[in-house]
Amino acid sequence: MKFTISCLFLLISCCASAQAPKTYTSSEILLQLKKLNVLGSVLYIAAHPDDENTRLLAYLANEKLYRTGYLSLTRGDGGQNLIGDEQGIDLGLIRTQELLAARRIDGAEQFFTRAYDFGFCKSSEEALATWGHDKTLSDVVWVIRKFRPDVIIARFPEDSRAGHGHHAASGILAREAFDAAADPAKFPEQLKEGVTVWQAKRMLWNTFNFGGNSTQNESQFKVEVGMYNPLLGKSYGEIAAVSRSQHKSQGFGVPAQRGTMLEYFETIKGDKPQTDLFDGVDISWNKINQKSIEDALAVVISTYDLQNPAASLKNLVSLYNTVSRLENGYWRNQKLAELKQVIENCSGLFMEAVAASPYAVLGDSLKINVVVNNRLGVNIPSVTVNIDDGEYDFKNLTRNTNATFSDTLFISPSQNKITQPYWLEMPMDKGSFNVTYQPLIGKAENEPWTVQFEVNIEGTDFTFHKPIRYKFTDPVKGEIYQPVYIIPSFYVSNYSKVVVRKEMENGDYAIDPSYSFKTSQYISHKEVEAHFVPSNQVFKIPLFNSLVESNLTRKTEAVNYPSPSSHLKMGNDMLQKNTIQYDHIPTINYFTKVDTKIVEFNDGLKIAGSKLGYITGAGDKVPQALEQMGYKVTLLKEPDINSDNLKQFDAIITGVRAYNTNDWLGNVYETLMQYVKEGGVLLTQYNTSNFISSIKGKVGPYPFNISRTRVTDENAKINFLLPDHPALNYPNKITAKDFEGWMQERSVYHADKIDSNYQRIISMNDAGEKADDGGLIIANYGKGKFVYTGLVFFRELPAGVPGAYRLFANLIAPQASLDSTKGGTLKNQATNSSKLSGKKGIK
């Protein structure tokens, strides 16, 4: 066997699994043997991570033993995050790994298109226009042509019953792709990339009953999927619960279900099934005229020994050789791969390649440790590993004894590139990623950087590829595996992505956004000077991954700013390393160009008050934005919520979905209301409606409900209902211009059934809908005020939208005197405002 590391892979290297290598029990191997005799495949199509029916996927993959796939059109980039402050691309990376974790549990495979989740939308027309209809359809067709499903199942209908424009669009694209995949005139360029046209037997819609919306009826085709699988020790309802609970960033932990469970289906294309989803589909080896292989596999299955899986190796290797001699084709290649996996599992052979560091540095070297162990002592006369120019042979392996060696690889900058998720290598469009290499499209992630092992088992040579991973031992969590990343020798590790310039001034302006650097080699001062103005201090970088902080100012000529916001970019080779770490997924690293946005205000930015308390919720970056505005922000926990402590704050802010994630907020309701009554300001950002029962609806001083109303058009017109209200005047005069340049959407989860004590400040609506006035409500209570808003400040402030800063400053401004409690004119407002002058920055 030869062990080979492919340098080409380093162009896209990113090993995904953060967990120990998968091992299989004897009962799981028996299930794999049975699957060898099933030549059927099914593809499930929906729009987002968590849209998939995990119970149905588990049933199809483990009971029916079909090759089962889930095609999610997007990676879930536009949703909300319940476990951290990641949004956009970062959130999509998290949800990609959560989906892969779910698939490892339910047994299905995972695919994606290039579509970007740009947030909630209300029509399929908007979704398809934003994604690019033909671009996304071509991706769905490509996955179908490669996966060749006999049956396609859509999760959503094509109309408003889908509940989301993305959902409806996924149903439309599934139907269109059913026909287009079989049409050689559709996307003919794909036919040059190793696929052929493919016609599925039928397309079904998996109808549903959730969220108060039932699309099921007894005339639909029904399948019972709640049965217990003794080989796995779980029912499919139990497997589905574990699978779905991997969607941790969405808070989708669910209880296990047991008992009879029916799934309902409506036929969209093809003939309606009568007795089985695969009616009219041959799923035996007769499909490729190989009945003898089916008979031989039946013998292997009937004689399989749960106590001694290796006893099946001789017959399995013989079958492998038989299948390998068949004419090249889809099922020949698929079953050959499955046979090889079963042979490896039955052999008990352990093969591992571990790097000494999680980072392989361009221009540096990386030590690799290899271990081979013939744990069952099966007939394996040789194993060969080849690293670079050295070939390592293991012969006559002793039973259950580790055979090891180490070698060092040079990571050549001329042959390798930094690790980057393939869909992020090119600049993206507004609604989709750009990937030009056709074979990558559809893949969930990059192929891992692997080591090649050539092993002789029972007289036949097999080639196995094992990912190179970094392994370490945590004193609490135990043995941990993490990906290995190719990184540059010099990169920015921390910098201010948004810098607030509080006053517009004419003339020149320079700024230092506070850069820090990490290095992996000695870097000359001149290399730094290429991007930064040299400082008086000596600039040295002595150690790998050392943190070097300096007062260097990014090199730029003094610039006159004619517009409200500008971007200052460094050289094309200056990169920021972004790291995402959670226990339930692999550590994620990816790189972006360093890009600092200067937020400027034509009418200036004024704030009233200085000290804020912030109760974090699901996670957002609002506190950092508030600090940039000039506030001192203190993060508050339950023990901090007492009257004496709260008196120091001009305003208290609850983060997005704080009442969804902090049950204790219901316990401090009276304390918070007393704080308001004594003159404080309490601003509550959006929550979802399912929080009300847990805290009995106690959020504000007067009752209101949370609806699912949202305005998804980020350019929707804002109607000022109370133009003289302090929220629109103090300390900043708010105009329509302050709502320009907003990102993704306007507002979510509006208030409704609003008590008359609340003032409704603005209204807005999406096209074709009535204006809604629940996006911003304010009530005076005692000497203070309470604010509830669905306006998406958690998106706009980190994105550097100037008007969002100005409006937010108004909403948390200490209470000003009013002509009346219903919103009169301001009196003496200037005396309560501290006007902040902008500073020139570092020249």
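Residues numbered from 1 in each chain as written. Predicted model: local features only at pLDDT ≥ 70, side-chain atom pairs only at ≥ 80, totals over all residues. Heavy atoms only, no water.

Student: How do you make sense of the overall build of the protein when you look at a structure like this?
Tutor: Counting its secondary structure elements, the protein contains 18 helices and 46 strands. When the 843 residues of the protein are sorted by exposure, 57% land in the buried category. Considering only contacts within the protein whose residues lie at least 6 apart along the sequence, 75% involve residues at least 24 apart. For the protein, the exposed area adds up to about 34,300 Å²; of that, 48% sits on carbon and sulfur atoms. (Helix = DSSP H or I, 4+ residues; strand = E, 2+ residues; numbered from the N terminus. Buried < 20%, exposed > 50% of the residue type's maximum accessible area, 1.4 Å probe, protein only. Contact = heavy atoms within 4.5 Å. Areas by Shrake-Rupley, 256 points an atom, 1.4 Å probe, with all protein chains shown as cover.)

Student: Which parts of the structure should I look at to understand helix α4 (residues 124–131)?
Tutor: Note that an α-helix has 3.6 residues per turn; residues three or four places apart therefore point the same way. Within the sequence span of α4, burial applies to S124, A127, L128, T130 and W131. The arc that holds every buried residue of α4, seen down its axis, measures 165°, which confines them to one face. Projecting away from the buried face of α4 at angles above 90 degrees are the exposed residues E125 and A129. Tucked into the core, α4 has its buried residues touching α5 (133–147) and α6 (165–180). G132 sits one or two positions beyond α4 and adopts a positive phi of about 95°. (Arc of directions from axis to C-beta.)

Student: Just to check I follow, could you spell out the sheet that holds strand β5 (residues 202–207) for this structure?
Tutor: As a general point, the strands of a sheet are linked pairwise by backbone hydrogen bonds and lie either parallel or antiparallel. Spatially, β3-β2-β1-β4-β5-β11-β8 is the arrangement adopted by the seven strands of the open sheet, whose pairing is mixed. Two strands in the sheet have a free side with no partner beyond their single neighbour: β3 (109–112) and β8 (221–224). Averaged over all adjacent pairs, the angle separating strand axes in this sheet is 30°, with direction ignored. Taken together, the four bridges between strand β2 (residues 67–72) and β3 define a ladder with parallel strand orientation. Bridging from a neighbouring strand, L71 pairs with F111 of β3. Where helix α2 (residues 54–62) meets the sheet, its contacts fall on β1 (41–46), β2, β4 (151–154), β5, β8 and β11 (262–269), and the angle it forms with β2 comes to roughly 150°. (Pairing = 2+ DSSP bridges. Axes fitted to C-alpha atoms, helices over the stretch in contact; angles between N-to-C directions.)

Student: Would you explain the packing of aromatic side chains in this entry?
Tutor: To describe a pair of aromatic rings, one takes the distance between the centres and the angle between the planes. Counted by the stated rule, this structure contains 29 aromatic pairs. With a centroid separation of 5.4 Å and 25° between ring planes, the pair formed by F739 and W742 is classed as stacked. Overall, W742 belongs to the buried group, its relative accessible area being 4%. Over the ring of W742 we find R746, and its NZ or CZ is 5.4 Å from the ring centre. (Phe/Tyr/Trp six-rings, centres within 6.5 Å; stacked < 30°, edge-to-face > 60°. Lys NZ or Arg CZ within 6 Å of the ring centre and 35° of its normal.)

Student: I keep staring at helix α10 (residues 330–347) and nothing clicks. Help me out?
Tutor: Along its 18 residues, α10 runs 26 Å from first to last C-alpha, staying within 8% of the 26 Å computed at 1.5 Å per residue. For α10, a buried count of 14 out of 18 residues is recorded, marking the element as mostly surrounded by other parts of the structure. Note on α10: the residue one or two positions beyond its end, G348, has a positive phi of about 70°. (Expected span 1.5 Å × (residues − 1).)

Student: Looking at this structure, I do not really get the environment of Y582. What am I missing?
Tutor: With respect to the secondary-structure elements, Y582 resides in the loop between β31 (575–580) and β32 (588–593). With 499 residues separating them in the primary sequence, Y582 and I83 have C-alpha atoms 9.0 Å apart. There is a polar contact of 2.6 Å between the side chain of Y582 and the side chain of E86. (Polar contact = N/O pair within 3.5 Å; in protein donor to acceptor, adjacent residues only side chain to side chain.)

Student: What exactly am I supposed to notice about the pattern of salt bridges here?
Tutor: Pairs may arise between side chains of opposite charge once their charged atoms sit close together. Tallied over the entire structure, the rule returns 31 salt bridges. Its salt-bridge partner being E52, residue R103 comes within 3.0 Å of it at the nearest N-O pair. Here E52 lies in the loop between β1 and α2 and R103 lies in helix α3 (residues 88–106), a separation of 51 residues in the sequence. For the pair shown, R103 and E52 are each scored as buried. Sharing partners across several salt bridges, the network here consists of E52, R103 and D106. (Salt bridge = Lys/Arg side-chain N within 4 Å of Asp/Glu carboxyl O.)

Student: Explain the confidence of the model for the protein here, please?
Tutor: Reading predicted coordinates in detail is not appropriate for stretches of low pLDDT. Summary statistics for the protein give a mean pLDDT of 86 and a share of 84% for residues scoring 70 or more. Confidence drops under pLDDT 50 across residues 1–17; counting only partners more than four residues distant or on other chains, this segment forms 81 contacts. Contacts from residues 504–517, a stretch scored under 50 in pLDDT, to residues over four places away or in other chains number 68 contacts. (pLDDT = per-residue confidence, 0-100.)

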